[in-house]
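The chain contents come next:
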Amino acid sequence: MTNTPHRLLAAPLSRDGEPLVEQIVRALSARIDERVLRPGARLPSIRQFAAAHGISTFTTVASYDRLVAHGYLESRRGAGFFVRARPGTAQGPAPSADGGVLRPPLDVSWLVRNMFSQSHHTKPGTGLLPQDWLDAPLLSHALRAVSRQHGSVLLSYGVPQGFLPLRQQLQLKLEELEIAANPSQLVTTVGVTQALDLVAREFTRPGDTVLVDDPGWFMAFAAFASMGLNVVGVPRLADGPDIGQLEQLATRHKPRLYIVNSVLHNPTSTSMSAAKAFQLLRIAGEHGITVVEDDVYCDLLAPGQQVTRLAALDQLQRVIYLGGFSKTLSANLRVGFIAASEEHARRLAERKLLATLTTSEVGERVIYKILSEGLYRKHADRLRTRLDAVRTRTVRMAERCGLLPEGAPSAGMFLWVDAGRDTGELALSAHAQGILMAPGALFSPARQPSTRMRLNVAALDRAAWDFLERAQETRPGS
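Residues numbered from 1 in each chain as written. Predicted model: local features only at pLDDT ≥ 70, side-chain atom pairs only at ≥ 80, totals over all residues. Heavy atoms only, no water.

Colleague: Honestly, the sheet that holds strand β3 (residues 186-189) in this entry has me stumped. Any pointers?
Modeller: Within a beta sheet, neighbouring strands are joined by backbone hydrogen bonds and run either parallel or antiparallel to one another. Spatially, the eight strands line up as an open sheet ordered β3-β10-β9-β8-β7-β4-β5-β6, and their pairing is mixed. Unpaired on one side and paired on the other, β3 and β6 (240-241) mark the two borders of the sheet. Judged from the six bridges that link them, strand β4 (residues 209-214) and strand β5 (residues 230-237) form a sheet pairing that is parallel. What sits directly across from Asp213, in β5, is Val234. Together, β3, β7 (257-260), β8 (290-294), β9 (319-324) and β10 (336-339) form the strand contacts of helix α8 (residues 191-203), whose direction differs from that of β9 by roughly 155°. (Pairing = 2+ DSSP bridges. Helix = DSSP H or I, 4+ residues; strand = E, 2+ residues; numbered from the N terminus. Contact = heavy atoms within 4.5 Å. Axes fitted to C-alpha atoms, helices over the stretch in contact; angles between N-to-C directions.)

Below, the structure written as C-alpha cells:
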C-alpha cells in the first residue's frame, strides 16, 4: 500500500487562538469524513508528521491518540497509524459498470457541504469574501453596544415583521435605489435564503413552475425542487434574459414566479439593460408572473453607476425585492429582508411567523447600528476598491491560464470563465488537492456537463493558480 504524503493538512496551522491539537483533529477528521483519506490509508509516522507541519512530536501523539479515541484512526503495533473503517463506510471507491471507478456525486449538496468544510485551504468556488476582507472590529463594536442595552433586548422575542428601526433604516437605503417602501412593506429574514423560501412557499404549490436564470444561483434550484416545484431555466445573456425564450417559456409553462438578478448577476457579475428590464416586466404582466428580484450583491456596485432595478421600475407592484448583508458584513449574522407591496408583505410576515416566529433581533440591532452610524458606507467603499484591484489581475491571470472570461464585469466578486473542458472533472481534481472549485453544471437547473465555472476573484491564491495552470496545460487539445 502506498503511504499517504507526509503533509496531510491542506491549510497551515494557526499559532494563535485554537490549540494545535484541536486544529489537527478537526482537519484530519474532516478529510476522513470527506473520503480524501480512505479506510486503510497509512498516516505518516509521528516524526514525519511533526517535521512536515513544524510541530512537536508530543502534539502529534496527542492528535493521533485523540483521533483513535474518536474512531477515526487505529494504531497497529510496529506498523503505525491507519484510517479506520468506520460503520457505513466502504473500503474503497465503488466500481462502475465498465470496471472503472465511480466519481462522487457532484451536485449542489457537494458544493455547499464543501464550502463549509475545513479541509480546503483555498476556495475560489465559494460565494463569500475572505474573512480578512471583512471588518471584524466594526461588528465587535456594534455587538458590544447592543449587549449593553436593556436586558430585555437579549431575553425576549423580537417583532415578527422585524426590528422597526432597522426597517426604517432600510426604507432610507431603498430610497437611494429609487425604490419606495415604507416600513410596513418590509419583512426581515434569516438572509436571502429564507426570504426566497418564504416567497416560494407563499406563492406556489407543488407542481407549479418557477423560472430561474440559467446560469443562476444553484441553492435556489435545489430548494425549489425540494418543494416539488418545476424549475425551468431562462437563458441568461450578458444584458439579461433571452427575451424570446422567456416569452416562449412563459406561454408554455405558465410560471408563478421568476427569480432573477438584475444587478451583479450570480455567477457572471453582469447587469440587466434597461431595455431588457422593461421587456421582462411586460411579459410578467401579460402572463401573471410574480418577479422576485434578488439583489444581495447590491452594495458591491458603486453608488451612481447606471443600472436598472426591476423594483425601481415597478415600485413593488409585481416585483418582490430581496436584499441582505451576508456578502458584505457577516454571513454569521444572517440578516436579510423582503420589500413588497403592503398585501404581499403582510402575507409573508404571517408565513414567517408560522415558520420561525421571529428572526433574531440581536442581529438586526447590530445591522441597524452599523447602518445608522454611517459606518457601512465606508466599509462598502473599501470592499469595492479592493475588488476592483483584484478583478483586473484575475482577468489577466485567467487568460494566461487559458480560461476565457465571459462578459466584461466592472463590479462584483465573480468571474464566469470558459475552461474549454468539463469543469466537473476539474473540480473533482481540485478537491483532491484541497482546492474548492464551482463547476458550471451546478449553475444550471438542467445540470448538464459544462465547460464554464465560477471564480471568486477575492479567493484565488497562488495554490489555486498553480493548479489551474497545470490543469489547463494537460487538457485535451492543449
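Colleague: What should I look at first to understand the pairing of strand β14 (residues 452-456) in this one?
Modeller: Along any regular strand the residues' side chains alternate between the sheet's two faces. Of all five residues in β14, four are buried; the element is thus mostly enclosed. As paired strands, strand β13 (residues 438-439) and β14 are joined by two bridges and run antiparallel to one another. Residue Pro439 lies in a different strand from β14, and its bridge partner there is Met453. (Buried < 20%, exposed > 50% of the residue type's maximum accessible area, 1.4 Å probe, protein only.)

Colleague: Teacher, can you tell me more about helix α1 (residues 20-33) here?
Modeller: An α-helical segment advances 3.6 residues per turn. Residues three or four places apart therefore align on the same side. When the terminal C-alpha atoms of α1 are compared, their 20 Å separation across 14 residues agrees well with the 20 Å that a helix rising 1.5 Å per residue should span. Buried residues dominate α1, accounting for 10 of its 14 residues. The set of residues buried in α1 consists of Val21, Gln23, Ile24, Val25, Ala27, Leu28, Ser29, Ala30, Arg31 and Ile32. Among the structural elements, α2 (46-53), α3 (57-69), β1 (73-76), β2 (80-83) and α16 (423-432) are those in contact with the buried residues of α1. (Expected span 1.5 Å × (residues − 1).)

Colleague: Would you explain the nonpolar core in this entry?
Modeller: One broad trend across soluble globular proteins is that nonpolar side chains are buried collectively. The biggest cluster of nonpolar side chains holds 73 residues, and the ones touching the most others in it are Phe224, Ile338, Leu387, Leu403, Met437 and Leu468. Per-element accounting of this core gives the leading share, seven residues, to α8. Among residues more than four places away in sequence, those in contact with Phe224 are Leu196, Ala200, Val210, Val212, Leu229, Val231 and Ile259. Listed in part, the 46 residues of the second largest apolar core include Ile179, Leu186, Leu281 and Val335. (Core = buried A, V, L, I, M, F, W, Y, C linked by side-chain atoms within 4.5 Å.)

Colleague: Just checking my understanding: could you explain the sheet that holds strand β11 (residues 404-405) for this structure?
Modeller: Ordered in space as β11-β12-β14-β13, the four strands form an open sheet in which the pairing is antiparallel. In the strand order of this sheet, the two ends are held by β11 and β13, each with one partner.

Colleague: What is the right way to read helix α9 (residues 218-226) from this model?
Modeller: Looking at α9, one finds that the buried residues are Phe218, Ala220, Phe221 and Phe224. Burial along α9 is one-sided: seen end-on, the buried residues are contained in an arc of 160°. Of the residues flanking the end of α9, it is Gly228, one or two places downstream, whose phi is positive at about 80°. (Arc of directions from axis to C-beta.)

All we've got here are geometric facts, nothing functional implied.
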